[in-house]
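Here's the letter readout for the chains.
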Amino acid sequence: MKLKYFLFICVLFCINGKAQQLSLEDCIKIGKENQPDFKIQAVKIERKKTEKRSFSSQFLPKIDASVTHAYNFGSSIDPSTNTREPSNIQSDNLSINAQVNLFDFSKWNQTKIQNLGIELEKMEYQIIENQYELLVLDKFMKALAVQEWQLVLTNQLKNAENQLNRISKEVEEGKRPKSDWYDINVIFLQEKNNLEIAKNDEVVKKTELIQLLNQMDLDVQSLTLEQPILLTSSEINTIINDYPTLKKIDLNNEKLSKEYTQLLSNFLPRVSLNYSYGTFYSQKIKSLADTNFSFGNQLKDNKSQYVGLGFSVPIYSRGDNNQLLQLNKIEQTLNNELKLKEEKRLNDLIAIETKKLQLLENLDQSLNEVLKASDQSLSTTEAKYMFDKVDASVYKSAKNQVLQANYNELNNTLDKIYIQYQLQILRGE
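Residues numbered from 1 in each chain as written. Predicted model: local features only at pLDDT ≥ 70, side-chain atom pairs only at ≥ 80, totals over all residues. Heavy atoms only, no water.

Enquirer: I'm lost on the packing of aromatic side chains in this one. Help?
Expert: In total, this model carries six aromatic pairs according to the counting rule given. Between the aromatic rings of Y385 and Y395, the centroid separation amounts to 5.0 Å while the plane-to-plane angle is 5°, which identifies the pairing as stacked. You can see Y385 sitting in helix 8 (residues 320-386) and its partner Y395 sitting in helix 9 (residues 392-426), a full ten residues away along the chain. Overall, Y385 belongs to the buried group, its relative accessible area being 2%. Following the ring pairs from residue to residue traces out a cluster consisting of F38, Y125 and Y132. Against the face of W181 rests K178, its NZ or CZ located 4.7 Å from the ring centre. Directly above the aromatic system of Y260 lies the positively charged group of K329, at a separation of 4.7 Å from the ring centroid. (Phe/Tyr/Trp six-rings, centres within 6.5 Å; stacked < 30°, edge-to-face > 60°. Helix = DSSP H or I, 4+ residues; strand = E, 2+ residues; numbered from the N terminus. Buried < 20%, exposed > 50% of the residue type's maximum accessible area, 1.4 Å probe, protein only. Lys NZ or Arg CZ within 6 Å of the ring centre and 35° of its normal.)

Enquirer: Quick question: what am I supposed to make of the packing of helix 2 (residues 24-34) against helix 4 (residues 110-172) here?
Expert: When two helices pack together, their arrangement is given by the angle between their axes and by how far apart the axes lie. Running from N to C, helix 2 and helix 4 point in directions that differ by 130°, and their axes come no closer than 10 Å. Here helix 2 lies oblique to helix 4, going by the angle between them. Judged by the sense of rotation from one axis to the other, the crossing of helix 2 with helix 4 is right-handed. Counted together, L24, C27, I28, G31 and K32 of helix 2 and E129, Y132, E133, V136, L137 and F140 of helix 4 form the full contact between these two elements. Taken together, the residues of the contact of helix 2 with helix 4 break down into seven nonpolar, one polar and three charged. (Axes fitted to C-alpha atoms, helices over the stretch in contact; angles between N-to-C directions. Parallel < 35°, antiparallel > 145°, perpendicular 65-115°, else oblique. Left-handed = near helix turned anticlockwise from the far one by under 90°. Contact = heavy atoms within 4.5 Å. Nonpolar A, V, L, I, M, F, W, Y, C, P; charged D, E, K, R; others polar.)

Enquirer: Would you take a moment to explain the sheet that holds strand 2 (residues 62-72) for this structure?
Expert: Sheet strands associate in pairs through backbone hydrogen bonding, adopting either a parallel or an antiparallel arrangement. Taken together, the four strands give an open sheet; going across it, the order is 2-5-7-8, and neighbouring strands pair in antiparallel fashion. Looking at the sheet topology across the chains shown, the edges are occupied by strand 2 and strand 8 (304-312). Strand-to-strand, the axes of this sheet are offset by a mean angle of 20°, without reference to chain direction. Here strand 5 (residues 88-104) pairs with strand 7 (residues 270-285) via 16 bridges, running antiparallel. (Pairing = 2+ DSSP bridges.)

Enquirer: Is there a simple way to explain the environment of N162 in this structure?
Expert: Following the sequence through the fold, N162 ends up in helix 4. By relative accessible area, N162 is classed as exposed at 53%. Separated by 26 residues in sequence, N162 and F188 place their C-alpha atoms 9.5 Å apart.

Enquirer: Help me understand the side chain of N253, please; the structure alone is not making it clear to me.
Expert: Relative to the helices and strands, N253 resides in helix 6 (residues 244-264). On the basis of relative accessible area, N253 is assigned to the buried category, the value being 16%. If near-sequence neighbours (up to four positions away) are discounted, N253 is found in contact with Q332, N335 and N336.

Enquirer: Help me out: how do you make sense of the pattern of salt bridges in this one?
Expert: It is possible for side chains of opposite charge to pair when their charged atoms get near one another. On inspection of all chains with the given rule, the structure shows 21 salt bridges. We note a salt bridge from K339 to D250, for which the minimum N-O separation is 2.7 Å. Taken together, the residues K339 in helix 8 and D250 in helix 6 connect sequence positions 89 residues apart. Judged by its relative accessible area of 22%, K339 falls in the partly exposed class. Classification of D250 by relative accessible area gives partly exposed; the value is 35%. With its nearest N and O atoms 3.4 Å apart, the salt bridge here joins K356 to E353. Of this pair, K356 and E353 both sit in helix 8, three residues apart, which is roughly one turn of that helix. (Salt bridge = Lys/Arg side-chain N within 4 Å of Asp/Glu carboxyl O.)

Enquirer: I tried to follow unusual backbone geometry on my own but got confused; where do I start?
Expert: Backbone geometry follows two general trends: most residues other than glycine have a negative phi, and most peptide bonds adopt the trans configuration. One non-glycine residue, N214, lies in the positive phi region at around 60°. Structurally, the position occupied by N214 is in the loop between helix 5 (178-213) and strand 6 (223-225). Phi is positive for D388, which is not a glycine, with a value near 60°. For D388, the location among the structural elements is in the loop between helix 8 and helix 9. Residue classification places D388 among the partly exposed positions, given a relative accessible area of 46%.

Structure, rendered in structure tokens:
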């Protein structure tokens, strides 16, 4: 994976010094490789997998060995003399113990619950992925908007510069008064200033995008964003059944249901088999200094085994189990309400975004007509300005009309692209 990613970066990042070009898909891919949120969630999934126990392993025996060395200081009555005498005893116990749960319904659904816990973490990964894609889309489109607008302003500035050079010549030749040069110079400086502001805004927006991608090797100055293609109506789907947040709520409901069943098993009996094999050593001593580890034959002679079948029936738990069952029911109700709330939010969002998209598409023709008419108006106004038929204010007004028409058409196109890809991400594509 690392080699593949390295080769991908090498292709993108122009070793020969050319402009770095990135598409929306490139940005999402780079971000997923670099963002720590994805790595953190992957570790959480691995942790859940490690916590999981198989169903059969819950019924394997528990085996332990114990060794005890103890002293008992006191006194006892000698039956022959009926007098009390000191009785200090050193004792040593060695044993191996085993316990097997034969029937324990409290473990019955544990593996299923753990599997659902893993699936919930995986779904959380998809939620993080979905939210991150929406965030990248937002930053990408904002950076793309100022990049494209800067190109429009650059073309406008070239036009103003040509007019400035032409007027300067005519002023030098005495064909125009100096005041005409002042007028066109103001227009040129204003448009130059507007371009500088747009360039600064572009640097800020692209820097924000790079920071989000966590790829600081990208150079803002040479970075060019590729405009995503507009999708057709058939490519846009507004179905939200697979939206990860809703799927996570459904999984959580399933997990709560299994946990409820698990709680009910606390009222059922449990059967266990116990086995113990051990021996002991005991000797009377006068004091701690008299401790003796000469076990002799006691450890061999005192061997014993224990086999027991335990049957446990819950009778009274101070209402703890009932309280847990009630809390589980409340959690399920809360989960259902959260699902209804999320479904409404998504349906409302998709409905309004779909309506916006329809309205933006309806504007296409009129915006195109306005831009075409503005270009024609500017052409005729430029011709009149060249022959001194109109003043600089009229020429500037015609340029502003073209600029506004370009701005409106660019915004309309980019807004359509944003909504289309937003809807695609919401449905998990």
